[in-house]
Amino acid sequence: MSRRAARMKTILLITEQFDPTADHLIQVLRRRGCPALRWNLDRYPQDSTLTYRAAADALGGSIATEGRIAPFDLIGSVWYRASHCRGFPPGLKPQEREFAAREAESALNSLPLVTDWRWMNEPRRHRDAAWKPAQLAAARRLKLAIPRTVITNDPGVVTAFREESGGAIIFKTLSQTLDLEPGKAAFTALVTEEALSSLSLIRHAPGIFQELVAKDYEVRLTVVGDRMFAAKVLSQRNERTKLDWRIAAHEIKYEPIELPADIRDKVSGFMAEAGLIYSCIDFIVTPEGRYVFLESNPRGQYLWIEHYTGMPITEAIADALMT
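Residues numbered from 1 in each chain as written. Predicted model: local features only at pLDDT ≥ 70, side-chain atom pairs only at ≥ 80, totals over all residues. Heavy atoms only, no water.

Caption draft 1: Geometry of the pairing of strand E1 (residues 10-15). Of all the six residues making up E1, six are buried; the element is thus mostly covered by neighbouring parts of the structure. Taking every second residue as pointing to the same face, both faces of E1 are buried, with Thr10, Leu12 and Ile14 on one and Ile11, Leu13 and Thr15 on the other. In this sheet, strand E6 (residues 75-80) lies alongside E1 in parallel orientation, the contact comprising five bridges. Residue pairing for E6: Thr10 is matched across the bridge by Ile75. Here E1 runs beside strand E2 (residues 36-40); their pairing, made up of five bridges, is parallel. Within E2, the position partnered with Ile14 by the bridge is Trp39. Each parallel crossover has a hand, and the one from E1 via helix H2 (residues 20-31) to E2 is right-handed. (Buried < 20%, exposed > 50% of the residue type's maximum accessible area, 1.4 Å probe, protein only. Helix = DSSP H or I, 4+ residues; strand = E, 2+ residues; numbered from the N terminus. Pairing = 2+ DSSP bridges. Right-handed = clockwise from strand over helix to strand, strands pointing away.)

Caption draft 2: Local environment of the layout of surface pockets. Approximately 240 Å³ is the volume found for the second largest pocket. Considering the residues around the second largest pocket, the lining is formed by 14 residues, among which Phe171, Ser198, Leu199, Ile202 and Phe209 are closest to the centre. Classifying every residue of the lining of the second largest pocket by side-chain character gives 12 nonpolar, two polar and no charged. (1 Å grid on protein atoms, 1.4 Å probe; cavity = no way out; pocket = protein on both sides within 12 Å on 5 of 7 lines; lining within 4 Å. Points joined across faces, edges and corners; volume = space filled by probe spheres on them. Nonpolar A, V, L, I, M, F, W, Y, C, P; charged D, E, K, R; others polar.)

Caption draft 3: Quick look at the nonpolar core. Of all hydrophobic cores here, the largest spans 33 residues; its most connected members are Leu13, Trp79, Met120, Val224 and Ile317. Mapped by element, the contributors of at least two residues to this core are E1, H2, strand E13 (227-233), strand E15 (278-285), helix H10 (303-309) and helix H11 (313-322). In this structure Leu13 touches Ala22, Leu25, Ile26, Leu29, Ala36, Leu37, Arg38, Trp39 and Trp79, once residues within four positions along its chain are discounted. Leu221, Ala230, Val267 and Phe270 belong to the second largest nonpolar core, which has 24 residues in total. (Core = buried A, V, L, I, M, F, W, Y, C linked by side-chain atoms within 4.5 Å. Contact = heavy atoms within 4.5 Å.)

Caption draft 4: Representation of the sheet that holds E6. Read from one edge of the open sheet, four strands run E2-E1-E6-E7, paired in parallel fashion. Both edges of this open sheet fall to E2 and strand E7 (118-120), since each of them pairs with a single strand only. Shown here is a sheet whose adjacent strand axes are inclined to one another by a mean of 20°, direction ignored. In terms of strand pairing, E6 meets E7 through three bridges, oriented parallel. (Axes fitted to C-alpha atoms, helices over the stretch in contact; angles between N-to-C directions.)

Caption draft 5: Expanded view of helix H9 (residues 261-274). An ideal rise of 1.5 Å per residue puts 20 Å on 14 residues; H9 measures up with 20 Å between its terminal C-alpha atoms. Taken together, the buried positions of H9 are Ile263, Val267, Phe270, Met271 and Ala274. End-on view of H9: buried residues confined to an arc of 95°, all on one side of the axis. Along H9, the residues that are exposed and aim more than 90 degrees away from the buried face are Ala261, Asp265 and Ala272. Those residues of H9 that are buried are in contact with helix H5 (123-129), helix H6 (132-141), strand E12 (217-224), E13, E15 and strand E16 (291-297). (Expected span 1.5 Å × (residues − 1). Arc of directions from axis to C-beta.)

And the structure:
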């Protein structure tokens, strides 16, 4: 190890076992000679340990995983990719598992409060910034255009909103986890006459309903600190991806583009207000060239965008973590 690497603080990657993005970032950090520790939360607490040590004159601790121990004071920054502890024995009863998960996450969620690490993103900021109603409120305050939206569990409200919108509205979920089984992702869907017959289901699970906005193309923006990597998503050239390009993300083309200056300024304000260092933000660009904010994902994926466009997003993440 070089003298420079020996002086550098360790970068902690809080993630899960299957995370190609984390694999790639670790390669970049190693190439730079930067020490990194990967902590897979889907193996905690069964196969790794988090220890706090408190006394009158000091408070510290360590994380031990995959045969390595990292004292708190040797960690400088954190890439926060996973937030739920899932490493529990399969034989636990439901009540036992609930208790164990609550205890493990209490230990995990205390880390930002007792360390001076640089987080990307700080967990409490991430949690608050992930709420879709809060995102729309922030975008509106910053004068970003947003679709007319109803978030509700009232079928009558949705029916009336659909009529007001000329029958053209879409449905989206309020949340999306990183650990869904293949084929289980919840994509944007049109609220058709047939769908109205199942609308009573939202009594148990509220959803997002928005007017259908005309698209020329879409933009996937990855923000890393003060750097912005915008990709033009040519979703309207493929019939399958016109409504939701995520259905076939590898079947469409992407091009690097420059954001209009006013959109850059508003996005900077959005990130500052949310207290985020990293996020992926999605826009529709209408045939008139108007940018319409859809949502922000503080833990969004980007690696395929980097692959198709050549934009150095991973290098920017490494820069931010090593600062």
